[in-house]
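Structural features, examined
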There are 2 protein chains.
Amino acid sequence: MSQKLNTPKGTRDFTSFELKKRDYLLNILKDCFKAFNFQEIQTPSFENLTTLTGKYGDEEDNLMFKILSSGEKIKKADTEALKENNLSKFSNSLSDKALRYDLTVPLSRFVSQNLNNLSFPFKRFQTQLVWRAERPQRGRYREFLQCDVDIIGESNLLNEVECIKVYDTVFKRLGMPKVNLRINNRQILEGISKLMNLDSVNEIASILDKTDKIGVEGVMNELKNKNIKDAALNKLKFFLDLEGSNEEKIKSLRTEFISNKISTDGIDLLEKIIITSEKFNLNNVDLIFDLTLARGLSYYTGTIIEVSSPSEFYIGSIGGGGRYDNLVQKNNPRLSGFGISFGFDRIFLILDELNLFPDELNSSKSFLFLNFGSDKIDNLLIFIDELREKNITCELYPSDIKIKKQMDYANQRRIDYVVLIGEEETNRNIFKLKDMSSGDESSFDLNNIIPEIEKLS
Amino acid sequence: MSQKLNTPKGTRDFTSFELKKRDYLLNILKDCFKAFNFQEIQTPSFENLTTLTGKYGDEEDNLMFKILSSGEKIKKADTEALKENNLSKFSNSLSDKALRYDLTVPLSRFVSQNLNNLSFPFKRFQTQLVWRAERPQRGRYREFLQCDVDIIGESNLLNEVECIKVYDTVFKRLGMPKVNLRINNRQILEGISKLMNLDSVNEIASILDKTDKIGVEGVMNELKNKNIKDAALNKLKFFLDLEGSNEEKIKSLRTEFISNKISTDGIDLLEKIIITSEKFNLNNVDLIFDLTLARGLSYYTGTIIEVSSPSEFYIGSIGGGGRYDNLVQKNNPRLSGFGISFGFDRIFLILDELNLFPDELNSSKSFLFLNFGSDKIDNLLIFIDELREKNITCELYPSDIKIKKQMDYANQRRIDYVVLIGEEETNRNIFKLKDMSSGDESSFDLNNIIPEIEKLS
């Protein structure tokens, strides 16, 4: 029974030390979302597979953690599929639920289910765990916290502007260095894919998305292997190589798409979003029109954005989002949505490395009453009870082991003050208080114990 | 694609209205745990099966939500086991992880893994979700929040007393009616099972636990079906029928167990816990020695406690816990632990039905700026930005639809004040403020917009 016990691959425990920092970050996010008047919701950790599958893309569907059916249901196992090595069919016969893969698809289910009780535009925020069976890397875990804001039922570009400002406000409050917020539009990418004679940009989106990692040449090579024709690749390369300011890129694009209404609409929208956002006093984000941004998830239909980590960090994006017109069920028209996500764990990592967490995350003092024997604790229990009523952190050492060992515990737990009421103190009707950081010890009238401790707390 | 979308059986969504109440309850629990100087930890949502299985009991093991292995691993499916209808073997070949079933076994894994970094006694609190594939009932869900405090590495009875006081303090802060806290000791039950010629009380624990639902007669009938002899049943009935005060029950027991050291130790301990706890000013719990209390989970070895819901509610226990001597791995001796759990959802239900949630859970005011057209919003964006910097909740309606519709939105979202700056107001350099609860409208100098709104927020 002395086997090695560990957390599963890609998951972590958090100690109180880490949780105080996590709470600090989470509270800044939530306070900010509330100032923007987003409403919080929470959804279950798992959803029916019918809700989740087919929304993200095939590759992503395979990265979901599925829940094994229980009891008799497991008899439905499709062993034929296993024999035929059709693993995804086999696995679907054993499961009808999966852990959340993101917060957007559960939101769309929530809205579809509560259409009649919600007022639109529905602005919601959600900070919950999501799970992905990916290979763990620095800043990337299999269980991680995602923090999302979305606006459903409105397609006005002010929604995009509002969410860009959410990023800016959060990063400013955290004291982060300025970051690049890359922006693009799926309609423009659809225009490019049409010029390339593809059916949809989704055919190349996940490869295109690697541009910041493998460069334009790397993308070209990967696409070549996917049997995309040279003429099409050259067309694409022309767009990916476009340089200059946002205005210059937009101008070059207009000449290319003169006869493509959908893409021209996309360009107009993108231009307006950039201009309007800049009126909003952006302090911590630089808006950069980036044609190489594609966003892997297949549900995006319009504006897409992604926030890069500050340049000295190589942990990929720290947030992203976009517009999705087809997620929320409602007959004609479906409700359009726009939303963004904060990569909590990667932002945490940056704050930690840049020493951006405040020094004093918990300023309330703690008190340990030493235990001088079970015959001497009756009064202590009463004192402790009174102090806790005042929300003062205190405790009695739970056994009367040697005082030295009790003091060791106080040191290890970083207790601020130790309270001593032994035989001598009881006889003299006093208590002693030892300041554990300075080592100073002082005596006080036992009748004043509550106000004296309250003064220090 | 217009299929019915729902949350999976036994799970729920939470709206912002419910979450404000849940936050209130959770904060009282956490503040109280902190006043007792427990340290927070969090563990992953799933654990390796080797960590979880064999700790709770066979029945409970079957109620775990297992995670289906992904990718090639699923080829390990033991189809022979399926043919032989050995479903549990088949299911174990398809999974090596499961969702948390409680917080105690993950804690014991955490402590075993971090033995060298922790100082003992290790007092931790944890408020996280757990999952059980049970039949959903009122107040019982398949995904629910558990709130635990445990003390590891100490077997002094003051730990039991401390945790009993945690219950008392939380219930007092919540303004709950007085509840019964039933207490028993597994060593006494082992003594009884020995008198019944059983190997261990675990053979009858889960049936014994039903006494408050089906009565002593019901328990006798179920045990008869389990082939327990009449003589043994009569012995048991004698104990279950014991009546009177805690002192009277303890006295009767002593005469029965005169020659059984282990059970006598259990009785002594129980008596001391009751006496010491009562010195601690218990306000909201009545301590009741109850021989029918067994606690289903098989890891308990000493004191066990359970809190009944107030008598007018029929939702079972709202908390429970006990001592476990064999969970935390460490060679000779293993570390003893004692811990309790709060049934968050059931306590929520009671607070809700008794109207114990404060009326004003969110006192900060919200402001909606009406949208009079995209050519008139530039200033509004600046004002809104300044107000949000001051953490004032405000927003711009995201499109310039009819003012009547924008006002409907303000009503539905329970916005406190609407800010109007249309053509006329701009020309006169004023803004209008409409109080949505009274309907009153007033005009102010536009130059004072920030301080005027700040005054109201």
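Residues numbered from 1 in each chain as written. Chains lettered and ligands numbered in written order. Predicted model: local features only at pLDDT ≥ 70, side-chain atom pairs only at ≥ 80, totals over all residues.

**What to know about the overall build of chain A**
Put simply, the test is: Only DSSP runs of H or I with at least four residues qualify as helices, and only runs of E with at least two residues qualify as strands; both kinds are numbered from the N terminus onward. What the globule rule says is 2.2 Å times the number of residues to the power 0.38, and the radius of gyration is computed from C-alpha atoms. Around each residue's C-beta, the other C-beta atoms within 10 Å are counted; 20 or more make the residue buried, 12 or fewer make it exposed, and counts in between make it partly exposed. All C-beta atoms are placed from the backbone. What counts as a contact here is a pair of residues whose C-beta atoms, placed from the backbone, lie within 7 Å.
A count of helical and extended segments in chain A gives 18 helices and 16 strands. Taken over the C-alpha trace, chain A has a radius of gyration of 29 Å; the compact-globule value for 457 residues is 23 Å, which it surpasses by more than 25%. Across its three principal directions, the C-alpha atoms of chain A cover 95 × 60 × 45 Å. By residue count, 41% of the 457 residues in chain A fall in the buried class. Within chain A, contacts between residues separated by at least 24 positions form 70% of all contacts whose residues are at least 6 apart in sequence.

**A closer look at the domain arrangement of chain A**
Put simply, the test is: A domain assignment, automatic or from a database, supplies the domain bounds used here.
In terms of domains, chain A is made up of domain 1 (16-64 + 101-353) and domain 2 (366-456). Just the C-alpha atoms count here: the centres of domain 1 of chain A and domain 2 of chain A sit 54 Å apart.

**Points about the interface of chain B and chain A**
Let me state the cut-off plainly: In the scheme used here, Gly and all other residues not listed as nonpolar or charged are polar, with Ala, Val, Leu, Ile, Met, Phe, Trp, Tyr, Cys and Pro taken as nonpolar and Asp, Glu, Lys and Arg as charged.
Contacts between the two partners involve 83 residues from chain B and, on the opposite side, 82 residues from chain A. Its residues assigned to classes, the side of chain B that touches chain A comprises 32 nonpolar, 33 polar and 18 charged.

**Side note on the relation of the copies chain B and chain A**
Where we set the bar: Only residues with pLDDT of at least 70 in both copies contribute their C-alpha atoms to the least-squares superposition of the copies.
Between chain B and chain A, which share one sequence, the superposing operator has a rotation angle of 180° and an axial displacement of 0.0 Å; the RMSD is 0.1 Å. Seen this way, the second copy is the image of the first under a two-fold rotation axis. With an isologous cut-off of 70% or more, the 99% of interface residues of chain B that recur at the interface of chain A puts this contact in the isologous class.

**Remarks on the sheet that holds strand S14 (residues 417-420) of chain A**
All names here are of chain A. Under the convention used in this document: Paired strands, in this sense, are two strands between which DSSP finds at least two bridges. Axes here refer to lines fitted to C-alpha atoms; in helices the fit is confined to the stretch in contact. Angles between the N-to-C directions go from 0 to 180 degrees.
Overall, mixed pairing links the five strands, which are arranged S13-S12-S14-S15-S16 in an open sheet. In this open sheet, the two strands that pair with only one neighbour each are strand S13 (393-396) and strand S16 (441-445). Each strand of the sheet is rotated relative to its neighbour by a mean of 25°, with strand direction disregarded. As paired elements, strand S12 (residues 366-369) and S13 share four bridges and run parallel to each other. Looking at S13, one finds that Phe-369 is bridged to Leu-396. Contacts from helix H15 (residues 378-389) reach S12 and S13, with the element oriented near 165° to S13.

**Considerations on the pairing of strand S14 (residues 417-420) of chain B**
As defined by bridge partners, strand S12 (residues 366-369) of chain B adjoins S14(B) across three bridges and the pair is classed as parallel. What sits directly across from Phe369(B), in S14(B), is Val419(B).

**Here we look at the environment of Asp13(B)**
With respect to the helices and strands, the residue Asp13(B) is situated in the segment before helix H1 (16-35). Assessed through the 17 C-beta atoms surrounding it within 10 Å, Asp13(B) is described here as partly exposed. Distance in space between the C-alpha atoms of Asp13(B) and Asn281(B) is 39 Å, their sequence separation being 268 residues. Excluding anything up to four places from it in sequence, Asp13(B) contacts Ile41(A), Gln42(A), Thr43(A), Phe110(A) and Thr7(B).

**Considering helix H14 (residues 344-353) of chain A**
Those residues of H14(A) that fall on the buried side of the exposure criterion are Phe344(A), Arg346(A), Ile347(A), Phe348(A) and Ile350(A). Once H14(A) finishes, Asn355(A) follows within two positions and takes phi at roughly 55°, a positive value.

**Details of the packing of helix H15 (residues 378-389) of chain B against helix H18 (residues 449-456) of chain B**
To describe two helices that pack against each other, one gives the angle between their axes and the distance between the axes. Residues and elements named next belong to chain B. Keep this limit in mind: Oblique is the label for any angle not under 35 degrees, not over 145, and not in the 65 to 115 range, which are roughly parallel, roughly antiparallel and roughly perpendicular in turn. Handedness of a crossing follows from how the near helix is turned relative to the far one, being left-handed for an anticlockwise turn of less than a right angle and right-handed for a clockwise one.
At a minimum axis separation of 10 Å, H15 and H18 run at an interaxial angle of 45°. As the angle between them shows, H15 and H18 are arranged oblique. For the crossing formed where H15 meets H18, the hand is right-handed. Residues Phe-383, Glu-386 and Leu-387 of H15 lie in contact with H18, whose contacting residues are Ile-449, Ile-450 and Ile-453.

**Quick notes on the confidence of the model for chain A**
Heads up, the rule is: Known as pLDDT, the predictor's confidence for each residue is given on a scale from 0 to 100.
Residue-level pLDDT values for chain A average 92, and 98% of them are 70 or greater. Reported confidences for the modelled complex are a pTM of 0.93 and an ipTM of 0.92.

**Re the sheet that holds strand S1 (residues 39-40) of chain B**
Working definition: the strands of a sheet are paired by backbone hydrogen bonds and lie parallel or antiparallel to each other. All names here are of chain B. Pairing is mixed across the open sheet formed by eight strands, whose spatial order is S1-S5-S6-S11-S10-S9-S7-S8. For this open sheet the edge positions go to S1 and strand S8 (285-289), each flanked by a neighbour on one side alone. The pairing of strand S7 (residues 179-185) with strand S9 (residues 303-308) spans five bridges and is antiparallel. Directly across from Asn-185, in S9, lies its bridge partner Thr-303. Packed onto the sheet, helix H8 (residues 186-195) meets S7 and S9 and runs at close to 55° relative to S7.

**A word on the environment of Tyr24(A)**
Residues and elements named next belong to chain A. Note on placement: Tyr-24 falls in helix H1 (residues 16-35). Under the C-beta neighbour-count criterion, Tyr-24 is labelled partly exposed, with 18 such atoms within 10 Å. Not counting chain neighbours up to four residues away, the residues in contact with Tyr-24 comprise Phe-357, Pro-358 and Leu-361.

**Topic: unusual backbone geometry**
The omega torsion across Phe120(A) and Pro121(A) is 0°, close enough to zero to call that bond cis. Mapped onto the secondary structure, Pro121(A) falls in the loop between helix H6 (104-113) and strand S5 (122-131). The phi dihedral of Asn355(B) falls on the positive side, at around 55°, and the residue is not glycine. By C-beta crowding, Asn355(B) is classed as exposed, having 9 other C-beta atoms within 10 Å.

**A short note on the environment of Asn281(A)**
Residue placement: Asn281(A) occurs in the loop between helix H13 (261-279) and strand S8 (285-289). Since 15 C-beta atoms lie within 10 Å of it, Asn281(A) is described here as partly exposed. Note: C-alpha distance between Asn281(A) and Gly316(A) (35 residues apart in sequence) is 26 Å. With near-sequence residues (within four places) excluded, Asn281(A) lies in contact with Ile382(B) and Asp385(B).

**Quick word on the pairing of S9(B)**
All names here are of chain B. Counting buried residues in S9 gives six out of six residues, a clear majority hidden from the surface. Both faces of S9 are covered, namely the face carrying Thr-303, Ile-305 and Val-307 and the face carrying Ile-304, Glu-306 and Ser-308. Where S9 and strand S10 (residues 317-328) come together, five bridges link them in antiparallel fashion. Considered in S10, the bridge of Glu-306 is made with Gly-320.

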